[in-house]
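Read off the chains here:
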Amino acid sequence: MGGFYFYRMNLNWIALAVPLFVGLMYAEYRYSLRRKFSVHQFHEAIANLNVGMAERLTDLFTSGLFFFFFDWLYQHYALLDIHASWYSWVLLFLATDLLWYWYHRAGHRVNLFWSVHVVHHQSEDFNYTTSGRITVFQAVARCLFWSALPLIGFPPHMITTLLLIHGAYPFFTHTQLVGKLGLLELLFVTPSHHRVHHASNPEYLDKNYGDVLIIWDKLFGTFAEEKTEPSYGLTKPLNSHSFLWQHFHFVLEMAVAFRRSRGLKARWRVLFGTPDEIDPRIRQLLEKKFSNHNEFRPVTRHVRRLVRVQTAVTLLILFFLLLFANGLTMAQVGAISVFIVLSLINSGAILEQRRWVFYLDFIRLVVAALAVHTFFPYATVASFALGALLVLLVFSKTFQKVYYKQLFGVG
């Protein structure tokens, strides 16, 4: 009873955002099926969910750091002493949304920021699952722009409260199932506006950067109305659902371009120039080196079911980790977090039929055993886990053949 009370008092209620938004994603999927409007692809949905889960996980470690960073700036360098009132909340909202506009615009026009924002635009689907394609690196970039708020004099508790509300709004603009919204189009960012932003049509590129208000785009000349059917994704499709490649491909492209550059000015352009200045042939060279030639070969219904179940289980583990994190030890949080990250990498590797996925699954089993041991630190549990792993090692070749046969239909 005492243990239950301890966990109840330490619940992190923000974790409820996970089932809430996943439920909305599922509702959108079911509604699209009913309308016979195909807006979801299996591979894309899994990749989107994987990126979103990684961002939720890393929030566990970074959100507190962001608050303390804002608090430190506020305590030492605030220009004004702003107190909570109806008009200060309005001013904070306007300042937050304006800073978002310039962060977002920089995220498309400055290579260093595009390298962390590109992940959000890789999906060739546009639905609620796409809204989750945010990385911890992107969150850090946002934090740098939002650091202007405590410097102005807005208290950190006001900033973090508003950011929670402000951050929820864009979820609802990532859908094709909502048409134009009449007078709301004049003031707010709507699904129609944001479809334009995610489109790769030439006339839509670098448009509609707003998050909640569309007035900034109209004021600064980056507004475009949705007129023709948008095509989603990058102008040069990524053609990969690898969790690692999605996160780091443009960073690698920049690294190669930086190494090839001669002189300070050229290297400065690599970091702070525009994405279209990076030689597109670099991506081709990197893809030849790192890509899987078997990717997008049709996967069996069995593999789809496996990935679907693995994704659902990973979501559940993430939810309970976020919910009970305040009552867990660092060892428990660390082991579960590593297991989740490996699972996200594993799902993409299975869909792309990577041969090394067998070894990744073995590592996942080791990490899972360590995680269990942090909850049940008994010699019998450790002995059983060690024995099972030894059996897998001794008969690894046999297990490997069966594994590849089940997954890919080859030995």
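Here the structure is a predicted model, which means the values were calculated and not measured.

This part is about unusual backbone geometry. Residue Lys 36 is not a glycine yet carries a positive backbone phi of 55°. The topology assignment puts Lys 36 in the loop between α2 (17-34) and α3 (42-77). By relative accessible area, which is 78% here, Lys 36 ends up exposed. A positive phi angle is found at Asp 206, which is not glycine, with a value near 55°. With respect to the secondary-structure elements, Asp 206 resides in the loop between α9 (191-198) and α10 (215-220). Taking the relative accessible area as the measure of exposure, Asp 206 reaches 28% and is therefore partly exposed.

Here we take up helix α18 (residues 396-408). Residues three or four positions apart in an α-helix share a direction because the helix packs 3.6 residues into each turn. Given a rise of 1.5 Å per residue, 13 residues ought to cover 18 Å, and the 17 Å separating the end C-alpha atoms of α18 matches this to within 8%. Where α18 is buried, its residues touch α14 (301-324), α15 (330-351) and α16 (357-375).

Moving on to the confidence of the model for the chain. With 95% of its residues at a pLDDT of 70 or more, the chain has an overall mean of 89. pLDDT under 50 marks residues 1-8. Its contacts with residues more than four places away, or in other chains, come to four contacts.

Working note: a packed helix pair is described by the angle between its axes plus the distance between those axes. Where α3 meets α15, the closest approach of the two axes is 10 Å, and the angle between their N-to-C directions is 165°. The orientation of α3 relative to α15 falls into the category roughly antiparallel. When you trace α3 past α15, the crossing you get is left-handed. Across from Phe 42, His 43, Ile 46, Asn 50, Met 53, Ala 54, Leu 57, Leu 60 and Phe 61 in α3, the residues of α15 making contact are Val 333, Ser 337, Ile 340, Val 341, Leu 344, Ser 347, Gly 348 and Leu 351. Its residues assigned to classes, the contact of α3 with α15 shows twelve nonpolar, five polar and no charged.

Tallied over the full model, the rule gives one cavity of 30 Å³ or more. Considered as a void within the structure, the largest cavity measures approximately 40 Å³ in volume. What lines the largest cavity is Ser 242, Phe 243, Leu 244, Ile 345, Gly 348, Ala 349, Arg 354 and Trp 356. Among the secondary structure elements, those contributing two or more residues to the lining of the largest cavity are α11 (243-260) and α15. Looking at the lining of the largest cavity element by element, the count peaks at three residues for α15. Its residues assigned to classes, the lining of the largest cavity shows five nonpolar, two polar and one charged.

For the rest of this paragraph, the subject is the environment of Ile 46. Position of Ile 46 relative to the elements: it lies in helix α3. Distance in space between the C-alpha atoms of Ile 46 and Ser 347 is 7.9 Å, their sequence separation being 301 residues. The contact partners of Ile 46, leaving out residues within four places of it in the chain, are Val 307, Thr 311, Ser 347 and Leu 351.

Glancing now at the environment of Thr 329. The residue Thr 329 is located in the loop between α14 and α15 in this model. Taking the relative accessible area as the measure of exposure, Thr 329 reaches 42% and is therefore partly exposed. The spatial distance from the C-alpha of Thr 329 to the C-alpha of Cys 143 is 27 Å, given a sequence separation of 186 residues.

Quick look at the packing of α3 against helix α6 (residues 136-146) now. Relative orientation of the contacting elements α3 and α6 amounts to 10°, with a least axis distance of 11 Å. Relative to α6, α3 is oriented roughly parallel. In this structure, α3 uses Thr 58, Thr 62, Phe 66, Phe 69 and Phe 70 to contact α6, whose residues at the interface are Val 136, Ala 139, Val 140, Cys 143 and Trp 146.

A few words now on the nonpolar core. Counting residues in each nonpolar core, the largest one holds 29 residues, and the members touching the most others are Met 53, Leu 318, Leu 321, Ile 340 and Leu 344. Residue assignment for this core shows that the elements contributing at least two residues are α2, α3, α14, α15 and α16. Ranked by residues supplied to this core, first place goes to α15 with eight residues. Ignoring sequence-local partners within four residues, the contact set of Met 53 consists of Thr 311, Thr 314, Leu 315, Leu 318 and Leu 344.

Scoring rules and cut-offs
- Residues numbered from 1 in each chain as written.
- Predicted model: local features only at pLDDT ≥ 70, side-chain atom pairs only at ≥ 80, totals over all residues.
- Heavy atoms only, no water.
- Helix = DSSP H or I, 4+ residues; strand = E, 2+ residues; numbered from the N terminus.
- Buried < 20%, exposed > 50% of the residue type's maximum accessible area, 1.4 Å probe, protein only.
- Expected span 1.5 Å × (residues − 1).
- Contact = heavy atoms within 4.5 Å.
- pLDDT = per-residue confidence, 0-100.
- Axes fitted to C-alpha atoms, helices over the stretch in contact; angles between N-to-C directions.
- Parallel < 35°, antiparallel > 145°, perpendicular 65-115°, else oblique.
- Left-handed = near helix turned anticlockwise from the far one by under 90°.
- Nonpolar A, V, L, I, M, F, W, Y, C, P; charged D, E, K, R; others polar.
- 1 Å grid on protein atoms, 1.4 Å probe; cavity = no way out; pocket = protein on both sides within 12 Å on 5 of 7 lines; lining within 4 Å.
- Points joined across faces, edges and corners; volume = space filled by probe spheres on them.
- Core = buried A, V, L, I, M, F, W, Y, C linked by side-chain atoms within 4.5 Å.

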